[in-house]
Amino acid sequence: MVGSPATGPVAGTGTVAGPAAAGSGGAAGSGVFSVGAASSTSSYPPAAGFPPAAGFPPAAGFPPAAGSGSDARPRRRGIDRWKAAFFGLAVLAIVAGAAWALLGSKFLVVRSVEITGPPAVSRTEVIADAGIRLGTPLIRINTAAVARQVERITLVQSAQVRRAWPDKIVISVVERKAVFVMASGRGYSEVDKFGVILRHVGAQPRGMPVLDTSGPALRGSPAVLAAATVLHELPARLARSVRAIDAATATAVTLRLHGKITVVWGGTGQPAAKARELAILMRGHARYYDVSDPQTAVTGG
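Residues numbered from 1 in each chain as written. Predicted model: local features only at pLDDT ≥ 70, side-chain atom pairs only at ≥ 80, totals over all residues. Heavy atoms only, no water.

Draft legend 1. Highlighting the overall build of the chain. Counting its secondary structure elements, the chain contains six helices and 15 strands. Expressed as a percentage of its 301 residues, the buried residues of the chain come to 27%. Entry remark: accessible area of the chain is about 19500 Å², with carbon and sulfur atoms responsible for 59%. (Helix = DSSP H or I, 4+ residues; strand = E, 2+ residues; numbered from the N terminus. Buried < 20%, exposed > 50% of the residue type's maximum accessible area, 1.4 Å probe, protein only. Areas by Shrake-Rupley, 256 points an atom, 1.4 Å probe, with all protein chains shown as cover.)

Shown next, in the form of structure tokens:
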């Protein structure tokens with residue numbers, strides 16, 4: 001009869017069962033050996049020619065596994081270069097298309113010119129002086145240069161030019177307004193506040209005073225501008241009674257009122273104080289008033 005073997009672990013090899021006594025006669029008992037599974041994982045690298053297991057470096061001469069970091073990085077760089085090239089070509093195509101549409105196509109060209117402003121300014125003259133040719137690409141129109149051309153017209157004080165996409169140019173003009181008249185031959189010349197002669201008339205327009213100035217040049221004269229400023233700042237009732245204005249200089253403006261009344265106004269400063277002082281002094285019905293300095297006003301006559 002064979003007894004149950006006693007088992008014990010043997011490091012690195014497995015488990016060995018020792019022999020047991022088999023009865024009398026001293027015969028040797030048969031031994032039973034059993035080898036168990038290894039109790040630890042080997043730490044040796046794989047042999048050459050076999051793919052590496054996870055966590056091990058590849059053996060010499062064996063290519064890295066697909067999808068490894070060293071192979072993916074060059075591939076990503078190649079894709080990025082293609083993307084950059086694609087987007088660069090797309091941007092160039094867009095720019096080229098926009099340039100063609102603005103400069104070379106027949107879609108964004110001038111088909112009409114619109115004039116806005118008072119009817120006294122001739123539309124025909126504005127269009128002629130603007131010099132805009134129909135069919136010109138809108139982007140090529142120099143709006144500032146066109147405005148300067150239009151402002152050369154006598155009756156135009158200022159002009160603004162803008163593009164109205166897709167096919168129109170709009171010119172807005174501000175007309176010059178006559179403020180005075182000046183004696184001229186058998187009639188009068190209407191003059192604006194900048195000293196520009198606008199037109200000639202046979203009779204003095206109602207409510208428009210006669211300007212007398214001794215400056216060397218009428219256009220752009222500071223004396224003319226000062227006279228226009230004084231007239232604009234007068235109280236309405238007093239302004240209606242002005243028949244003539246003498247403007248020797250910008251600081252020596254004199255008003256000639258109805259009834260042969262003279263008012264020395266001086267410069268353009270302190271208009272409200274001068275008007276108040278003049279209103280008080282005129283209660284005395286004098287014919288001469290000097291309010292050039294409202295603190296020391298003088299009357300006479």
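Having seen it, we continue.
Draft legend 2. Looking closely at helix α2 (residues 123-130). The N-cap of α2, judged by a side-chain oxygen 3.4 Å from the amide nitrogen of Thr-124 a few residues on, is Ser-122. One or two residues past the end of α2 sits Gly-131, with phi positive at roughly 70°. (Polar contact = N/O pair within 3.5 Å; in protein donor to acceptor, adjacent residues only side chain to side chain.)

Draft legend 3. Up close: the pairing of strand β6 (residues 168-175). Judged from the five bridges that link them, strand β4 (residues 112-116) and β6 form a sheet pairing that is parallel. The partner of Ile-115 across the bridge, within β6, is Ile-171. Sheet analysis places strand β5 (residues 156-164) next to β6, joined by eight bridges and oriented antiparallel. Within β6, the position partnered with Ala-159 by the bridge is Val-173. Taking the residues that link successive antiparallel strands as the turn, the β5-β6 hairpin has three residues. (Pairing = 2+ DSSP bridges.)

Draft legend 4. Quick peek at the layout of surface pockets. Computed from the structure, the largest pocket encloses a volume of approximately 310 Å³. Along the walls of the largest pocket sit Pro-235, Arg-237, Leu-238, Ser-241, Leu-257, His-258, Ile-261, Ala-275, Leu-278, Ala-279 and Met-282, which together make up its complete lining. Elements supplying a minimum of two residues to the lining of the largest pocket: α5 (236-240) and α6 (271-281). The greatest single-element share of the lining of the largest pocket, amounting to three residues, is contributed by α6. Looking at side-chain class alone, the lining of the largest pocket contains eight nonpolar, two polar and one charged residues. Size it by volume and the second largest pocket reaches roughly 160 Å³. (1 Å grid on protein atoms, 1.4 Å probe; cavity = no way out; pocket = protein on both sides within 12 Å on 5 of 7 lines; lining within 4 Å. Points joined across faces, edges and corners; volume = space filled by probe spheres on them. Nonpolar A, V, L, I, M, F, W, Y, C, P; charged D, E, K, R; others polar.)

Draft legend 5. Region of interest: α6. When α6 is considered as a whole, its buried residues turn out to be Ala-273, Lys-274, Ala-275 and Leu-278. Packing partners of the buried residues in α6 comprise α5, β13 (261-266) and β14 (288-290). (Contact = heavy atoms within 4.5 Å.)

Draft legend 6. A look at the nonpolar core. The biggest cluster of nonpolar side chains holds 27 residues, and the ones touching the most others in it are Phe-180, Ile-245, Leu-255, Val-263 and Trp-265. Those elements giving two or more residues to this core turn out to be β7 (180-184), α4 (222-233), β11 (242-249), β12 (252-257), β13 and α6. The element contributing the most residues to this core is α4, with seven residues. Sequence-distant contacts of Trp-265, defined by excluding residues within four places in its chain, comprise Val-230, Leu-234, Val-253, Thr-254, Leu-255, Pro-271, Lys-274, Ala-275, Leu-278, Val-291 and Ser-292. By size, the runner-up hydrophobic cluster in this structure holds 21 residues, among which are Ile-132, Leu-138, Val-156 and Ile-171. (Core = buried A, V, L, I, M, F, W, Y, C linked by side-chain atoms within 4.5 Å.)

Draft legend 7. Structural view of the environment of Gln-270. Along the chain, Gln-270 falls in the loop between β13 and α6. With a relative accessible area of 46%, Gln-270 lands in the partly exposed category. Distance in space between the C-alpha atoms of Gln-270 and Asp-293 is 8.7 Å, their sequence separation being 23 residues.

Draft legend 8. The confidence of the model for the chain, seen in detail. Per-residue confidence for the chain gives a mean pLDDT of 79; residues scoring 70 or more make up 69%. Within the model, the stretch residues 1-44 combines pLDDT values under 50 with 28 contacts to residues more than four positions away or in other chains. (pLDDT = per-residue confidence, 0-100.)

Draft legend 9. Broad picture of the pattern of salt bridges. Counted under the stated rule, the structure contains four salt bridges. Lys-168 is the salt-bridge partner of Glu-114, the closest N and O atoms lying 3.2 Å from each other. Taken together, the positions of Glu-114 in strand β4 and Lys-168 in strand β6 put the pair 54 residues apart, joining distant regions of the chain. Of the residues examined, Glu-114 reaches a relative accessible area of 33% and is grouped as partly exposed. Note that Arg-176 and Asp-192 form a salt bridge whose closest N and O atoms lie 2.8 Å from each other. Of the two residues, Arg-176 sits in the loop between β6 and β7 while Asp-192 sits in the loop between β8 (187-191) and β9 (197-201), which places them 16 residues apart along the sequence. (Salt bridge = Lys/Arg side-chain N within 4 Å of Asp/Glu carboxyl O.)

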